[in-house]
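# Secondary and tertiary structure notes
Now for the letters of each chain:
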Amino acid sequence: MSLEGLQPLVEGAGVAGSPLVMAGPCSAETEEQTLSTARQLAMGGVKVFRAGIWKPRTKPGGFEGIGKEGLQWLKRVKEETGMLVATEVAMRRHVEEALEAGVDILWIGARTSANPFAVQEIADALKDSGADVAVLVKNPVNPDLELWIGALERLYNAGIRRLGAIHRGFSFYGKSIYRNPPQWHIPIELHRRLPELPIVVDPSHMGGRRELIAPLCQQALDMKFTGLMIESHCTPDEAWSDKNQQVTPESLRIILSSLVLRNAEQDTESLQQLRQQIDRVDTELLDLYNRRMEISREIGKYKKEHSMPVVQESRYDDLIKSRVASAVQMGMSADFMKTVLQAIHEESVRQQIEILNKN
Ligand code: PEP
Ligand code: MN
């Protein structure tokens, strides 16, 4: 797919290295909370206000959004502060009601973009409306780039030209410092496949904790993503949803002002030299891996001739222990070395089994 003819999400925003910032509460809760948050954000220079009106919650019983009534509050935010307003849509009715209320930017949430029927319904509603509205597609909860691109394609095919993606990290099962680990290689690959598509990073849903917002914002800028979508609430500790990850407008202002914008126009000559060194080291590494595999295949032949099992636990354990200890001494992490060795070992075993099965 190619995305010819895309228009900017917001006129003049996200240019010259300064990110497009969208901020606001996870949910619009009351008129007062919505307007008070919006006024403070506007004073801090934020140009796009976000607030969830319909909230798809993982489990029933949580606050599922204020609904249609909240759209009138967004209208007031626009009138009073001049900010553009953005909200999440998950079905045709949401699209129709949001457009009717003059919402400028719609986004499709992570739980919805994982469902092609829902995305198509939204795309059809947008096509029927003929509105020139900006639409952002959050990555699906599961790390599936094709599903993400598929959702973007449905909107593009429906005539949406102010189109963008939001990277909010991916669900996982287990322990992590992140609520939704970023898996940066996925949005980087999205950018490689669709270079003209703006990508906004959402550190709030990625980190799930206030203290992770600033470092994740900086990482997003360092990787040259187009913008940031950050949850901000006038009284975060009292928020009705996602309270651990929301920051006050004042904290947000401090976070934004401490971000370092990287200058794309900088001289890159010394960087190029370092990259050439990396290329050379990688070539050496490939060569070493290949030599290691050759030896491993020799061992495979020996094991076959002597009817020995391919995997020998004690040898494997000793190997991991000694290499990990050396790596740690050199300043690398034990986890990193274990992952590398496990991958190498798996490939060795695969190659030896191939030899074993050969006549
Ligand atoms: C949100 O932006 O408040 C939201 C529900 O996010 P996500 O779809 O990324 O979980
Ligand atoms: Mn939220």
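This section reports on the structure supplied with the text. In this text the structure is predicted, and so the values were computed from the model without any measurement.

Let us look at the pattern of salt bridges. In this structure the tally under the stated criterion is 21 salt bridges. Its salt-bridge partner being E80, residue R76 comes within 2.8 Å of it at the nearest N-O pair. Of this pair, R76 and E80 both sit in helix α2 (residues 69-81), four residues apart, which is roughly one turn of the helix. On the accessibility criterion, E80 (41% relative accessible area) is partly exposed. Via salt bridges that share partners, E31, R39, R76 and E80 belong to a single interconnected network.

This part covers a nonpolar patch on the surface. On the surface, a cluster of nonpolar side chains totalling about 450 Å² of accessible area is made up of V281, L285, L286, L288 and Y289. L285 gets classed as partly exposed once you look at its relative accessible area, which sits at 35%.

Another aspect to go through is helix α5 (residues 116-129). What sets the pattern is the α-helix's 3.6 residues per turn: residues three or four places apart point alike. With 14 residues, α5 extends 20 Å from end C-alpha to end C-alpha; this agrees with the ideal 20 Å at 1.5 Å per step. Within α5, burial applies to A118, V119, I122, A123, A125 and L126. Buried residues of α5 fall within an arc of 160° about the axis and therefore sit on the same side. With respect to the buried face of α5, the exposed residues turned more than 90 degrees away are F117, K127 and D128. Lining the buried residues of α5 we find β3 (84-89), α3 (92-100), β4 (105-108), α4 (110-113), β5 (134-138) and α6 (145-157). By the N-cap criterion, in which a side-chain oxygen at the helix start approaches the backbone nitrogen of a residue two or three places on, α5 is capped by N115, the distance to F117 being 3.0 Å.

By volume, the second largest pocket amounts to about 410 Å³. Every residue lining the second largest pocket is counted, 18 residues in all, and those nearest its centre are I299, R315, L319, H345 and Q352. When contributions to the lining of the second largest pocket are tallied by element, the ones reaching two or more residues are α11 (269-305), α12 (313-329) and α13 (334-357). Class assignment for the residues of the lining of the second largest pocket results in nine nonpolar, five polar and four charged.

To continue, consider the site of ligand 1. C26, R50, K55, E88, W107, G109, A110, R111, K138, R168, H205 and E231 make up every residue found near ligand 1. Here an oxygen atom of ligand 1 sits 2.7 Å away from a polar atom, N or O, in the side chain of R50. K55 places a polar side-chain atom, nitrogen or oxygen, 2.8 Å from an oxygen atom of ligand 1. Look at ligand 1: alone it shows 300 Å² of surface, and the protein chains cover 96% of it. Its residues placed into classes, the shell around ligand 1 shows three nonpolar, two polar and seven charged.

Quick notes on the rules
- Residues numbered from 1 in each chain as written.
- Chains lettered and ligands numbered in written order.
- Predicted model: local features only at pLDDT ≥ 70, side-chain atom pairs only at ≥ 80, totals over all residues.
- Heavy atoms only, no water.
- Salt bridge = Lys/Arg side-chain N within 4 Å of Asp/Glu carboxyl O.
- Helix = DSSP H or I, 4+ residues; strand = E, 2+ residues; numbered from the N terminus.
- Buried < 20%, exposed > 50% of the residue type's maximum accessible area, 1.4 Å probe, protein only.
- Patch = residues over 30% accessible without salt bridge, like charges linked within 9 Å, V, L, I, M, F, W, Y side chains within 5 Å.
- Areas by Shrake-Rupley, 256 points an atom, 1.4 Å probe, with all protein chains shown as cover.
- Expected span 1.5 Å × (residues − 1).
- Arc of directions from axis to C-beta.
- Contact = heavy atoms within 4.5 Å.
- Polar contact = N/O pair within 3.5 Å; in protein donor to acceptor, adjacent residues only side chain to side chain.
- 1 Å grid on protein atoms, 1.4 Å probe; cavity = no way out; pocket = protein on both sides within 12 Å on 5 of 7 lines; lining within 4 Å.
- Points joined across faces, edges and corners; volume = space filled by probe spheres on them.
- Nonpolar A, V, L, I, M, F, W, Y, C, P; charged D, E, K, R; others polar.
- Near = heavy atom within 4 Å.

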